[in-house]
Amino acid sequence: MAIYDTLGATYGRTRQPDPRIAAQIHAALGDAADVVNVGAGTGSYEPPGTVLAIEPSHVMLAQRTPRSAPAVCAVAERLPLHDDAADAVLAVLTVHHWTDLEAGIAELRRVARRRIVILTWDQPVFRERFWLVREYLPHTVALDDVRAVPIDRLVALLGGARREQVLVPHDCTDGFGAAYWRRPHAYLDPQVRAGISMFAQAGEDVLAPGLARLDEDLATGRWHSRHADLLTLDSVDVGYRLLVTDL
Ligand SMILES: C[S@@+](CC[C@H](N)C(=O)[O-])C[C@H]1O[C@@H](n2cnc3c(N)ncnc32)[C@H](O)[C@@H]1O
């Protein structure tokens, strides 16, 4: 069973594409006439020229709207497409889930004619800059220390890539890991956590002590006095990166 058949049941509720991040992704895709979206999930960030979405989870496929691109149930490691099938291939917040990263990236290179665009994150930067994992849930990210793909490894497999910072707006509409950096109460909401694989896979027992401390710090105002600087910012760089490879 695909992992998102378990994790993805409420994905559409908290994971709406953020327009500012969408604009950056679409700019990175440039003038690609046709795009294949791999690890496409519910269809977030698919540009209008998307000709096919590749997604292994039936639960995620079922949440795609009738207006989404056509989708097939398949994995990155074995794309059901011929060589040079599309101008560009897109993969958003998915490479860390692949069982064989090397095979998956080789498939992206085989299928893309001109460009590959990948959104991922730099785990050491994330760990250091994101207050939630640094101060409250350091053990939770142990899983991500293993599954996060080192940026340099990804760039090497891609045969080179341009790296862009992806800033997270304070009101980000896509509820991924650090999306609520300026809305700390959100992390106390089980539905929000269910949409974030780092937390969903860690399990509630592991999260409970850190979340109890966060709850208390929010109630006493300690969080707000410690993070007063954050409350003045509109966006932050906590390590999300766009990799753009021209073939
Ligand atoms: C965090 S979701 C991202 C979905 C979508 N790209 C987005 O930005 O909303 C990760 C997706 O990767 C998919 N996935 C997991 N393993 C995969 C694999 N081996 N090949 C392709 N996609 C995979 C999951 O099923 C899930 O839909």
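Residues numbered from 1 in each chain as written. Predicted model: local features only at pLDDT ≥ 70, side-chain atom pairs only at ≥ 80, totals over all residues.

### Re the overall build of the protein
Within the protein one finds 13 helices and nine strands. Taking 2.2 N^0.38 as the reference for a compact globule, 247 residues should give roughly 18 Å; the C-alpha atoms of the protein span a radius of gyration of 18 Å, in line with that estimate. Taken along the three principal axes of its C-alpha coordinates, the protein extends 60 × 35 × 30 Å. By the burial criterion, 42% of the 247 residues in the protein qualify as buried. Within the protein, residue pairs in contact and separated by at least 24 positions form 70% of the contacts whose partners lie at least 6 positions apart. (Helix = DSSP H or I, 4+ residues; strand = E, 2+ residues; numbered from the N terminus. Rg over C-alpha atoms; globule rule 2.2 N^0.38 Å. Buried ≥ 20, exposed ≤ 12 C-beta atoms within 10 Å, placed from the backbone. Contact = placed C-beta atoms within 7 Å.)

### Let's talk about the sheet that holds strand β5 (residues 112-121)
On the basis of which strands lie adjacent, the open sheet formed by seven strands has the order β3-β2-β1-β4-β5-β9-β6 and mixed pairing. Only two strands of the sheet have a single neighbouring strand rather than two, namely β3 (71-72) and β6 (162-165). Across six bridges, strand β4 (residues 86-92) lies against β5 in parallel orientation. What sits directly across from Ala-91, in β5, is Ile-118. Contacts between helix α3 (residues 19-29) and the sheet are confined to β1 (35-38), β4, β5, β6 and β9 (240-246), with β5 contributing the most and set at about 155° to the helix. (Pairing = 2+ DSSP bridges. Axes fitted to C-alpha atoms, helices over the stretch in contact; angles between N-to-C directions.)

### What to know about the site of the ligand
Within the structure, the ligand sits among 26 residues, and Tyr-4, Gly-39, Gly-41, Thr-94 and His-97 are positioned closest to it. Of the residues assigned to the shell around the ligand, the class counts are 14 nonpolar, nine polar and three charged. (Near = placed C-beta within 6 Å. Nonpolar A, V, L, I, M, F, W, Y, C, P; charged D, E, K, R; others polar.)

### Observations concerning the nonpolar core
With 72 residues, the main nonpolar core has Ile-25, Val-36, Val-38, Ala-88, Val-89, Leu-90 and Val-117 as its most contacted residues. In this structure, Val-38 is in contact with Ile-54, Ala-76, Val-89, Leu-90, Ala-91, Thr-94 and Leu-108, ignoring residues within four places of it in sequence. (Core = buried A, V, L, I, M, F, W, Y, C linked by C-beta atoms within 7 Å.)

### Structural notes on the environment of Leu-29
Looking at the secondary structure, you find Leu-29 in helix α3. Once residues within four sequence positions are removed from consideration, Leu-29 is found in contact with Val-35, Pro-47, Ala-88, Leu-90, Arg-115 and Val-117.

### Section: the pairing of β1
Residue alternation in β1 divides its side chains into two sets, Val-35 and Asn-37 and Val-36 and Val-38, and both sets are buried. Inspection of the sheet shows β1 paired to strand β2 (residues 50-54) by four bridges, in the parallel sense. Looking across to β2, one finds that Val-36 is bridged to Leu-52. Relative to β4, β1 runs parallel, the two being bridged by four bridges. Opposite Val-38, over in β4, you have Ala-91 as the bridge partner.

### Brief notes about unusual backbone geometry
Residue Tyr-45 is not a glycine yet carries a positive backbone phi of 70°. Residue position: Tyr-45 is located in the loop between β1 and β2. Classification of Tyr-45 as buried rests on a count of 22 C-beta atoms within 10 Å. Although it is not a glycine, Leu-93 sits at a positive phi angle of roughly 50°.

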